[in-house]
Amino acid sequence: MNRAVILALVLVVGGPWLAPYDPMEQNLLAVLLAPTWDHWLGTDHLGRDVLSRVLAGAPRSLGLALGCVGTAVALGCTLGLMAATGGRWLGALIMRGADLVLAFPGLLLALLLAGFLGGGVGPMLFGLTLTLWPQYARMTQAVARRALAEPPVEAARLAGFTTLAILSSLVLPVVLRALLPLATLGVGQAILSISALGFLGLGLRPPEPEWGAMINDLLPVLTEAPVQMAAPCLAILTAVLGLTLAGRTLLARQQHSL
Amino acid sequence: MVWLQLVATRLTQAVAMALVLATLCFGFVQALPGDLATRIAAARVGEDRLTPEIATRIRAQAGLDQPVLVQYGGWLADLARGELGRSLVTGEPVVAEFRYHAGHTLVLGLLGWALSYLIALPIGLWAGLRPGGWVDRISDAAAVLLASLPPFLTGIALISLFALTLTWLPPAGFGTWAHRVLPALTLALGLAAFAVPVIRTAVVEVRGAFYITYAQIKGLGETTAFRHHGLRNAAIPIVTYAALQMTFVIDGFVVIETLFNHPGLGAWLVKALLARDVPVILAASLAIGFLFSLVSLITDALCLALDPRARAASVRLGRGWSAR
Amino acid sequence: MTLPMFGSVSRRAVLAGGAAAGVLPSLGRADERAVLRVASPWEWTSNEPTDTGYLMTRLQLAETLVLVEPDGRLVGGLADAWAVDEDRLTWRFRLRAGVRFHDGTPLTAEAVITSLTRAVAGESLQQLPLDQITASADGVVIRTRTPVGHLPALLVDYAAVILAPASWGSDGKVQTVIGTGPYRLAGRDGQTMLDLVRFDGYWGSAPSIQRVRYTAIANGDTRTNVAVAGDVDVMFTTVPAATQRINSTGRMRVISQTIPRARVLAFNAGLPQFSDVRVRRAIALAVDRAGIAAAVLRHPASAATQLLPPAVADWHDPTLPPLRTDPAAATALLEEAGWRRGADGIRTKDGVRLAATVLTIANRPELAVMATAMQAQLKAVGLELAVEPVPSAGIPQAIQAGTMQMTMFARTYVNVPDPIATIIPDFTRQRSTWGALNWDGRTRMQALTDRYTASFDDRERADLRRQILRLLQDEVPVTPISWFEHTVAVHSRVRGLVIDPYEMRYMLHTLSLV
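Here the structure is a predicted model, which means the values were calculated and not measured.

A few words now on the overall build of chain A. Counting its secondary structure elements, chain A contains nine helices and zero strands. Counting helices and strands in the order they occur from the N terminus, chain A gives α-α-α-α-α-α-α-α-α. Within chain A, the proportion of its 258 residues that are buried is 53%. Within chain A, contacts between residues at least 6 apart in sequence are counted, and of these 71% link residues at least 24 apart.

It is worth spelling out the overall build of chain B at this point. For chain B, the count of helices and strands is 13 helices and zero strands. Going from N to C terminus, chain B has its helices and strands arranged as α-α-α-α-α-α-α-α-α-α-α-α-α. Taken across its 324 residues, chain B has 51% of its residues classed as buried. With an accessible surface of roughly 13700 Å², chain B has 70% of that area assigned to carbon and sulfur atoms.

The next subject is the nonpolar core. Grouped together as the largest cluster of nonpolar side chains are 188 residues, with contacts concentrated most on Leu65, Ile283, Phe427 and Leu508 of chain C. Take this core: its biggest share by element is ten residues, from helix α12 (residues 278-306) of chain B. Looking at which domains feed residues into this core, each of domain 1 (22-251 + 492-513) and domain 2 (259-485) of chain C gives three or more. Here Leu65 of chain C is in contact with Gly76, Gly77, Leu78, Ala79, Leu95, Val112, Leu116, Val140, Leu155 and Ile162 of chain C, once residues within four sequence places are set aside. Ranked by size, the runner-up nonpolar core spans 98 residues in total, among them Ala65, Trp133, Val171 and Leu192 of chain A.

Given two aromatic rings, their pairing is described by the distance between the two centres and the angle made by the two planes. Scanning the entire structure with this criterion turns up 15 aromatic pairs over all chains. On the numbers, 6.4 Å between centres and 80° between planes, the contact of Phe427 of chain C with Trp439 of chain C is edge-to-face. On the criterion of sequence distance, the pair formed by Phe427 of chain C in helix α14 (residues 420-427) and Trp439 of chain C in the loop between α14 and α15 (442-454) is long-range, its members being twelve residues apart. For Phe427 of chain C, a relative accessible area of 0% translates into the label buried. We classify Trp439 of chain C as buried; its relative accessible area is 0%. When the ring centre of Trp177 of chain B is taken as reference, the NZ or CZ atom of Arg180 of chain B above it lies at 4.4 Å. The ring of Phe484 of chain C has Arg261 of chain C sitting right over it, with the charged end atom 5.1 Å from the ring centre.

With that settled, consider the environment of Arg470 of chain C. All names here are of chain C. Looking at the element boundaries, Arg470 is found in helix α16 (residues 458-475). Taking the C-alpha atoms as reference, Arg470 lies 31 Å from Tyr54; in sequence the two are 416 residues apart. With residues near it in sequence (within four places) discarded, Arg470 still touches Asp317, Thr319, Leu320 and Pro321.

Between chain B and chain C, the contact holds 57 residues from the first and 61 residues from the second. Both faces combined, the contact of chain B with chain C buries some 4700 Å², and carbon together with sulfur accounts for 56% of it. Together, Glu47, Asp48 and Arg49 of chain B form the three largest contributors to the area buried by chain B at its contact with chain C, with a combined 17%. At the surface where chain B touches chain C, the tally comes to four salt bridges. In this structure, Arg44 of chain B engages Asp51 of chain C in a salt bridge whose closest nitrogen and oxygen atoms are separated by 3.3 Å. Seen at the junction of chain B and chain C, the total is eleven residue pairs in polar contact (both at pLDDT 80 or more). Counting residues per element, the ones that place at least two in the side of chain B that touches chain C are α1 (2-31), α2 (36-45), α3 (52-61), α4 (68-80), α5 (94-129), α7 (151-165), α10 (222-260) and α12 of chain B. The dominant element in the side of chain B that touches chain C, judged by the number of residues it contributes, is α5 of chain B, at ten residues.

The next subject is the side chain of His150 of chain C. Relative to the helices and strands, His150 of chain C resides in the loop between β7 (139-144) and α6 (151-154). Non-local contacts of His150 of chain C, meaning those with residues more than four positions away in its chain, are made with Gln127, Asp418, Ile420, Thr453 and Arg461 of chain C.

Attention shifts here to the sheet that holds strand β8 (residues 183-189) of chain C. Residues and elements named next belong to chain C. Strand order in the open sheet formed by ten strands is β8-β9-β10-β1-β11-β19-β12-β18-β16-β17, and the pairing between neighbours is mixed. With one partner strand each, in any of the chains shown, β8 and β17 (384-390) form the two edges of the open sheet. Sheet twist, expressed as the mean angle between neighbouring strand axes with direction ignored, is 25°.

Turning to the pattern of salt bridges, a few remarks are in order. All names here are of chain C. All told, the structure shown has 32 salt bridges over all chains when counted by the stated rule. Ionic pairing is found between Arg73 and Asp71, a salt bridge with its closest N-O pair at 3.0 Å. Classification of Arg73 by relative accessible area gives partly exposed; the value is 47%. A cluster of three or more residues bridged by salt bridges with shared partners is formed by Arg37, Asp231, Asp233 and Arg493.

With that out of the way, let us pick up the side chain of Arg289 of chain C. All names here are of chain C. With respect to the helices, strands and loops of the structure, Arg289 is situated in helix α10 (residues 289-295). For the buried Arg289, no salt bridge exists, and the shortest N-O distance to an oppositely charged side chain is 7.6 Å, to Asp288. Polar side-chain contacts of Arg289 include one of 3.0 Å to the backbone oxygen of Ala284. Residues in contact with Arg289, not counting those within four places in the same chain, are Ala284, Ala303, Ala304, Leu323, Arg324, Thr325, Thr479, Pro480 and Ile481.

Moving on to a nonpolar patch on the surface. On the surface, Leu7, Leu11, Trp17 and Leu18 of chain A cluster together into a nonpolar patch covering about 490 Å² of accessible area. By the secondary structure assignment, Trp17 of chain A is in helix α1 (residues 2-18).

Here we take up the sheet that holds strand β13 (residues 340-341) of chain C. All names here are of chain C. Read across the open sheet, the three strands follow the order β13-β14-β15; overall the sheet is antiparallel. Strand pairing shows two members of the sheet lacking a second neighbour, β13 and β15 (352-353), which therefore form its edges. In this sheet, β15 lies alongside strand β14 (residues 347-349) in antiparallel orientation, the contact comprising two bridges. By the bridge assignment, Lys349 is partnered in β15 with Val352.

Now for unusual backbone geometry. Residue and element names in this part refer to chain B. Of note, the phi angle at Arg276 is positive, near 55°, even though the residue is not glycine. The residue Arg276 is located in the loop between α11 (265-275) and α12 in this model. Judged by its relative accessible area of 1%, Arg276 is buried.

All names here are of chain C. With twelve of 16 residues buried, strand β12 (residues 252-267) lies mostly within the body of the structure. Both β12 and strand β19 (residues 478-491) contribute to a ladder of 13 bridges, which runs antiparallel. Note on β19: the bridge partner recorded for Arg253 is Val490. Pairing of β12 with strand β18 (residues 406-412), which is carried by seven bridges, proceeds in the antiparallel orientation. Note that in β18 the partner of Arg263 across the bridge is Ala410.

The rules behind each value
- Residues numbered from 1 in each chain as written.
- Chains lettered and ligands numbered in written order.
- Predicted model: local features only at pLDDT ≥ 70, side-chain atom pairs only at ≥ 80, totals over all residues.
- Heavy atoms only, no water.
- Helix = DSSP H or I, 4+ residues; strand = E, 2+ residues; numbered from the N terminus.
- Buried < 20%, exposed > 50% of the residue type's maximum accessible area, 1.4 Å probe, protein only.
- Contact = heavy atoms within 4.5 Å.
- Areas by Shrake-Rupley, 256 points an atom, 1.4 Å probe, with all protein chains shown as cover.
- Core = buried A, V, L, I, M, F, W, Y, C linked by side-chain atoms within 4.5 Å.
- Domains from an automatic or database assignment.
- Phe/Tyr/Trp six-rings, centres within 6.5 Å; stacked < 30°, edge-to-face > 60°.
- Lys NZ or Arg CZ within 6 Å of the ring centre and 35° of its normal.
- Buried area = accessible area lost by both parts, 1.4 Å probe.
- Salt bridge = Lys/Arg side-chain N within 4 Å of Asp/Glu carboxyl O.
- Polar contact = N/O pair within 3.5 Å; in protein donor to acceptor, adjacent residues only side chain to side chain.
- Pairing = 2+ DSSP bridges.
- Axes fitted to C-alpha atoms, helices over the stretch in contact; angles between N-to-C directions.
- Lys, Arg positive; Asp, Glu negative; His and termini not counted.
- Patch = residues over 30% accessible without salt bridge, like charges linked within 9 Å, V, L, I, M, F, W, Y side chains within 5 Å.

This is the structure:
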């Protein structure tokens, strides 16, 4: 599991660095080349090296997904803790807000934002974060409530610790441990959402080598460039699969320890 | 009594939810950058004929030059009279358009959803009754793999195989049952990938529960014991999950309806969003908010029917059983 | 109050959806084979000719007074003859005898006047300085305030289709489309599926195919799939990149024809980067049109050599020096204009970077790909390009907001058969939506187009056309990149396909099935 996460991080950070060519550099005289020693995965419809693009796509697809989930966890965690410790009204307000967002189909919401704000990294991050935070807020609120009722918290409160101190030292670790599997699975789902937006032509702007957009670009030439088409598909599959398996392992370990 | 109370509370919640959602959408569409009238004009006359003059005419016709609050008030007043207005692009009544598109989506959605349980139930049950067996292991691997694929890839793969290579089924379109098979299957596979593990886990947990052991002590065979006592209990989490999936179905439609050229709600809403067709966006968000609440009402009702113990609890809490 | 309504809506929706298959006229198995299946990306958005008129003329449901043949000749449509008086302002159109609308009523001068008046009000014929339209003994008389030599061409505009008086409802909107074409609208399922049936009372020769089913497929990938599967008989506007894929199955064959539509790169000539004609010329020289046409469009012949392709013989000047690619000459021009390379390879002058964001239209995906290809080519001569696909309304918005720097779009120059009708709004205004922006040559262009409009002499008009084309080529208010290939996939069972480069008609009447 740990190895999978480390490998993912290496790819996100080092992917572009590992790329043998500039992922944006075109050669219109060498389009749709079959794989050779020079181009292990061939070239795309603009003569760009597919291997380089798949590698450079890692920080865009995987990294952006990590960023979205990270922001969503931070936001969800904060709001969830506020809901758990704040007053009745605040709690109700936050939770109804979460329900509201969950009611709206997530992909549509992201589409709305990403599509209309220009499809850059910022709008995408904003849109996906907005759709993802409620589940973490709900989970945080539930776990935090349980943790707050436990004896150590009671003891700390009697000993005169502030709410903030109790939250950060006693509650937050429990919450984060509970959120980790969910978040790991969430990154996988975020990759799928980003690729779906890319496929619909509403994702990152060209020539960004995002995996979903690469699939969309190569689809018309599927029969001529099967390897080039398979590469980003497999990249998505491996990334999401790895994250799903990692999430499941974490979940199983947690249930085991309970 | 219990039923009445449940339905009344939930329906009130549903209406409130729908109104808040539509109001948010209204604000959101107004806040988006870009001129509404130009967008609408582009959708109507096409980009080649788009001129600022046409946009100005549409702005005046549709009342988009009025203050935002006046527009919102007008919409609320229309709504109170049961009037949803006309699409700014097609000029057709929104209700008629909604009915048309919702019909297509509902048929396809129910078909895909039912198909997913036709696939997931037997596999999940088998896997849950024989955990660690070959069915369990293969289905688990398949489910994880499927869940890791973007739905559009599943769709493309199915089209490539059944429509382009074997030519058994049409690759896109609507109107006949043959046209519905591939999109429904795409939807079903995506849903089943998540449903199989849920069913399996529910079955495994119930099998380990004390009443099954008790029944076995009573002398019933394992399968009989499960059938008599376990099935109903295993059904509760499955029903809750199945109903929740209905909202994910709407998501899946955005991609599936585009890929299969299916005139459903997802395609309709995306088109309306791109054209900034305000009356359509508002009506669609009303409907989605209401649908979501309705689905959770049905879930609660089903769970209530399945588990008599929850009836007392739901009355005490004054809200749905499954709402936590 | 909304509650019960919504409940009943969704219930009825289920019923409606369930019955959807039964909505269309049911066809037997054998009949189904005789139906011509036609597809294109265009949806039937509304019943208004100003909005959806192009589908009405393409599917040959409704017709205009004047028609254009695929070779560019103007021929009689609902008018079989016309002439202009000595005053050059009064045009007399004689209506064709024996024409009937699909509802059986005869074509009258009143119907023509109603339809044309509405088309002018709908701004499609705004270039027509219309004084009045009146009925005459055998047709209509159109009077203009100033002479317009190309008036018959303007009447080919799809918004000027003639509909029967019964088409309009009491609210003044078109309720049902009742035209005069060889096919009539028999049924419609939403905005995507239309059923057409041959109109037996048609004035011209009857088409051989009796029933046509039209499907709009907006998504390009879906269109490709349908064409690869051979699930359609004729598909207009296939995805150019998918040509080989469609051909390789052997079920359908893609035919392409160059049409008078160009993909052009337009500048905001008011910006310091692009106000100097030498910079614009340098950009025109740096772009590798042949490479882009071959790699992106996969059709080398579509690389543009001037604004319009040879298909419009009148507006293509073979003597004009063609657009060419010469990065060395481009570099020399930029140096001459005083733009010097900085440390990052991008040129600057007086603190201004030679950089721009080019807006492309998101629903024409090839534009972004072409712009991306140009990005690399322009970088080589020292110009930095950022590509931003926006919805089609985004470009007029950027122009109005004053933020437009460069745009790339596809423009048809034959909304009516004479490109002058498009050149006037595109190149004589300070701010045109799909053309020159802040171009200092617009007054010279206006002088030429004014003379052209007022001229009724063929020799003079031909000379003016050459001057207009030369001005565009020299001053580069926009630079054409490629011409459009109209790609049509045809099933092996279809015979007699004719492609109309003016895209006015799909020429369904010439088709037959084997």
